[in-house]
Amino acid sequence: MSLLGIILTFSLVDNIVLSRLLGICPCVGSPGGMRATAGTSAATALLMSLSALAAWALESFLLRPLGLEFLRTPAFVLAVAGLAGLLDVVARRAVPQLLRAAGIPLAGIAVNCATLGVVLIAAKGGFTALQSLVVGLAAGGGFFIALTLLTAIRERLEVEKVPEWLRGLPLHLISAGLLAYAFMAFDRAFLSRLFQGW
Amino acid sequence: MNGPSTRSGGLFRNNPVAVMLVGLCPAAAVTGRVIDALWMSAGLILVLLLTRLSLEILKAFSFPGSGTGHMTDWLSLLFLASCFTASFELVLGAFAPDESAGLGIYAPLIAVNCIVLDRLAGRGSQEPAGPGEIGRSLGQASGLGAGFALSLIVISLIRETLGSGTITLFPIGSFGGTIAVGGISLAPARALVYAGGGLLCLGYLAGAARLVRRVKGAERA
């Protein structure tokens, strides 16, 4: 698959939130505004791409050659947690004010199912190192699109008159469901006609 | 809280999916068929119970970092949960390969399920882990696991019945495992088995749980 194909697939067609249904909790439960959304998405995309690359290295040089594929889950979980801890330390030293302002919960991102889900998809897809990196970035981009749309919908719904028993998270989940139906329009065949040869 | 009341709390009053709204990803993703919901619930209950039991045993032997809330505690929790998840994947793949394929990447994701991590990481108690403490901890875990299973079964029954017109269970003897629901199977609402259907059902279930709590609260008042 070409890099454009990977980007379109993992950001729109196979959107990690609206198609794979991973990372729903941070998307519908995050109370932050657009600034926090951008920060969380950027951190998630960075962590996803680095984790996908680390997973590729683990799979290619350790798990598959030694026949240890059954240890994939613990190896990937610990790799993601270690990378998140490392990123957290680096970010706290390099851009502490940005972290505080955006309110990016790196520890939470580290172990959410979206990050591990992308890592598993990339590892099982048989991608190269560069493709794995792009898969992570594209999935992070898809996460950004979903999170931005859901934050915008949530901000709009807060000022609307809605049934009291649905106010808050139940209505956010229903909105996410309707958005997931809308994303079904990003069909692989439709996009392949738009971008011949992707 | 003692054991039985904790169990019923996790099942209804503090249901993890419908009330506490954690562990939403598998509740929306693997509820297209009842059998997938059953296997996912079984996996989560096993991992939750085994991880909590192991942590309590480590605490009883004063393993460094256990129960202190430090980074080592967090990493040991992640390591234990992911090892038990990998074991569940292996057993499921060996005995029920079709169901294992049905769960796909959601089986390994039990390791980072919010219910497993939130409820276990939130403990960090310094109390010595006696038999009573272990029993109470396991009672709480089994209540949460049962609550998760109940929510998944309800959502999957609604989605599969209305969306496919069938109920898929375990094949036993001459019973193939699939029950066709008369009438609906001829013209099912296919939209419910897609990704959006899972989120819609989850949203309405959470809303219904809130409505029930309000009605009960008003009755008590």
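Since the structure is predicted, the reported quantities are computational estimates derived from the model, not experimental observations. Residue numbering note: each chain is counted from 1, following its sequence as written. All chains are assigned letters beginning with A, and all ligands numbers beginning with 1, in the order in which they are written. Only residues with pLDDT of 70 or above have their local features reported here, since the model is predicted, and side-chain atom pairs are shown and tallied only from 80 upward, although totals for entire chains, interfaces and linings are computed over all residues. Water and hydrogen atoms were dropped before computing side-chain values, which therefore reflect all heavy atoms in the structure.

K.L.:
What is the right way to read the overall build of chain B from this model?
P.N.:
Across its full length, chain B carries 8 helices and 2 strands. Helix and strand definitions follow DSSP, with helices as H or I runs of at least four residues and strands as E runs of at least two, each counted in order from the N terminus. Helices and strands appear in chain B in the N-to-C order α-α-α-α-α-α-α-β-β-α. Three labels apply to residues, based on accessible area from a 1.4 Å probe with only protein chains included: buried if under 20% of the type maximum, exposed if over 50%, partly exposed otherwise in between. Relative to its full complement of 221 residues, chain B shows a buried share of 48%. Only heavy atoms matter for contacts: two residues are in contact if any of them lie within 4.5 Å across the pair. Once local pairs closer than 6 in sequence are excluded, the contacts in chain B between residues at least 24 apart make up 72%. Just so you have it, chain B exposes about 9800 Å², and 67% of that area is on carbon and sulfur atoms. Here the open area of atoms and residues is found with the Shrake-Rupley method and a 1.4 Å probe, where only the protein chains shown may cover a residue.

K.L.:
Explain helix H1 (residues 3-13) of chain A here, please?
P.N.:
Residues three or four positions apart in an α-helix share a direction because the helix packs 3.6 residues into each turn. All names here are of chain A. Of all 11 residues making up H1, 8 are buried, and the element is well covered by its neighbours. Buried within H1 we find Gly5, Ile6, Leu8, Thr9, Phe10, Ser11, Leu12 and Val13. Residues of H1 that are buried in the fold lie against helix H7 (113-124), helix H8 (129-157), helix H9 (169-183) and helix H10 (188-194).

K.L.:
Which parts of the structure should I look at to understand empty space enclosed by the protein?
P.N.:
Summary: where empty space remains is shown by rolling a probe the size of a single water molecule over the atoms. Both cavities and pockets are sets of points on a 1 Å grid over the protein atoms alone; in a cavity a 1.4 Å probe fits but cannot get out, in a pocket the set is open with protein on both sides within 12 Å along at least five of seven lines, and lining residues sit with an atom within 4 Å of a point. Grid points are joined across faces, edges and corners, and a volume is the space filled by probe spheres set on the points. Under the counting rule described, the total for this entry stands at 2 cavities of 30 Å³ or more. Counted as a void, the largest cavity has a volume near 80 Å³. As for the largest cavity, its lining consists of 13 residues, and the residues nearest its centre are Cys113(A), Cys25(B), Pro26(B), Leu109(B) and Asn113(B). With 3 residues, the top contributor of residues to the lining of the largest cavity is helix H2 (residues 24-29) of chain B. Taken together, the residues that form the lining of the largest cavity break down as 11 nonpolar, 2 polar and no charged. Lining of the second largest cavity is provided by Cys27(A), Val28(A), Leu150(A), Ile153(A), Arg154(A), His172(A) and Ser175(A). For the lining of the second largest cavity, the secondary structure elements donating two or more residues are helix H2 (24-29), H8 and H9 of chain A. Per-element tally for the lining of the second largest cavity: the top contributor is H8(A), with 3 residues. Considered class by class, the residues forming the lining of the second largest cavity number 4 nonpolar, 2 polar and 1 charged. Any residue that is not Ala, Val, Leu, Ile, Met, Phe, Trp, Tyr, Cys, Pro, Asp, Glu, Lys or Arg is counted as polar, Gly included; the first ten are nonpolar and the last four charged.

K.L.:
Would you mind showing me how to read the packing of aromatic side chains here?
P.N.:
Given two aromatic rings, one states the distance between the centres and the angle between the planes to describe the pair. Residues and elements named next belong to chain A. Here a pair means two rings of Phe, Tyr or Trp (six-membered ring of Trp) with centres within 6.5 Å. Their orientation is stacked below 30 degrees between planes, edge-to-face above 60, and tilted elsewhere. Under the definition given, this model contains 4 aromatic pairs over all chains. Consider the rings of Phe10 and Phe127, whose centres lie 6.1 Å apart with planes at 75°: the pair is edge-to-face. Taken together, the positions of Phe10 in helix H1 and Phe127 in the loop between H7 and H8 put the pair 117 residues apart, joining distant regions of the chain. The same class applies to Phe10 as to Phe127, namely buried.

K.L.:
Is there a simple way to think about the interface of chain A and chain B in this case?
P.N.:
The figure often quoted for interface size is the accessible area lost as the parts come together. Contact residues are listed per partner, giving 37 residues for chain A and 41 residues for chain B. Interface area for chain A against chain B, summed over the two sides, is near 3300 Å², with a carbon-plus-sulfur share of 80%. Here's the idea: put two parts together, see how much 1.4 Å probe accessible area each one loses, and the total over both is what we call buried area. The largest share of the area that chain A buries against chain B comes from Leu21(A), Trp165(A) and Tyr181(A), three residues that together contribute 19% of it. For salt bridges, the criterion is a side-chain nitrogen of Lys or Arg within 4 Å of an Asp or Glu carboxyl oxygen. Here chain A and chain B share 0 salt bridges between them. Polar contacts, as used here, are pairs of N or O atoms within 3.5 Å; protein pairs need one atom able to donate a hydrogen and one able to accept it. Residues neighboring in sequence count only if both atoms are side-chain atoms. For the pair chain A and chain B, the interface holds 5 residue pairs in polar contact (both at pLDDT 80 or more). With 9 residues, the single largest contributor to the side of chain A that touches chain B is H9(A). For the side of chain A that touches chain B, the class distribution of residues is 27 nonpolar, 6 polar and 4 charged.

K.L.:
Explanation requested: the nonpolar core in the structure shown.
P.N.:
One recurring pattern in soluble globular proteins is that nonpolar side chains are buried together. Only buried residues count toward a nonpolar core, which is a set of Ala, Val, Leu, Ile, Met, Phe, Trp, Tyr and Cys residues joined through side-chain atoms within 4.5 Å. In this structure, Ile24(A), Leu24(B) and Leu109(B) are the most contacted members of the largest nonpolar core, which totals 89 residues. The element that contributes the greatest number of residues to this core is H7(A), accounting for 9 residues. By size, the runner-up hydrophobic cluster in this structure holds 6 residues, among which are Leu157(A), Leu171(A), Ile174(A) and Leu200(B).

K.L.:
Just checking my understanding: could you explain the state of the cysteines for this structure?
P.N.:
Note on terminology: disulfide describes a covalent bond linking the sulfur atoms of two cysteines. By definition, disulfides here are pairs of cysteine sulfur atoms that lie within 2.5 Å. Within the structure shown, the criterion is met by 0 disulfides over all chains. Looking at Cys113(A), it has no disulfide partner, and the nearest cysteine sulfur is the one in Cys25(B), 3.1 Å off. For Cys83(B), which is in no disulfide, the shortest distance to another cysteine sulfur is to Cys113(A) and amounts to 19 Å.

K.L.:
Is there a simple way to think about the environment of Ala81(A) in this case?
P.N.:
By the element assignment, Ala81(A) lies in helix H4 (residues 72-94). Residue Ala81(A) is classed as buried on the basis of its relative accessible area of 8%. Remark: the alpha-carbon pair of Ala81(A) and Ser51(A), spanning 30 residues in sequence, is separated by 9.3 Å. Not counting residues up to four positions away in its chain, the partners in contact with Ala81(A) are Leu75(B) and Leu78(B).

K.L.:
I tried to follow the packing of H9(A) against helix H8 (residues 195-220) of chain B on my own but got confused; where do I start?
P.N.:
If you want to describe how two helices pack, look at the angle between their axes and the distance between the axes. Interaxial angles span 0 to 180 degrees and are taken between N-to-C directions of axes, which are lines fitted to C-alpha atoms, for helices over the stretch in contact. Contact geometry for H9(A) and H8(B): axes closest at 7 Å, N-to-C directions at 165°. Judged by the inter-axis angle, H9(A) sits roughly antiparallel to H8(B). In terms of crossing hand, the pair formed by H9(A) and H8(B) is left-handed. Side by side, H9(A) and H8(B) meet where Leu169(A), Pro170(A), Leu173(A), Ile174(A), Ala176(A), Gly177(A), Leu178(A), Ala180(A) and Tyr181(A) of the first sit next to Gly196(B), Gly197(B), Leu199(B), Leu200(B), Leu202(B), Gly203(B), Tyr204(B), Ala206(B), Gly207(B) and Arg210(B) of the second. A breakdown of the residues in the contact of H9(A) with H8(B) according to their chemical character gives 13 nonpolar, 5 polar and 1 charged. Should an angle fall under 35 degrees it is called roughly parallel, over 145 degrees roughly antiparallel, and 65 to 115 degrees roughly perpendicular, with every other angle called oblique. Left-handed is the label given to a crossing in which the near helix is rotated counterclockwise from the far helix by less than a right angle, and right-handed is the label when the rotation is clockwise.

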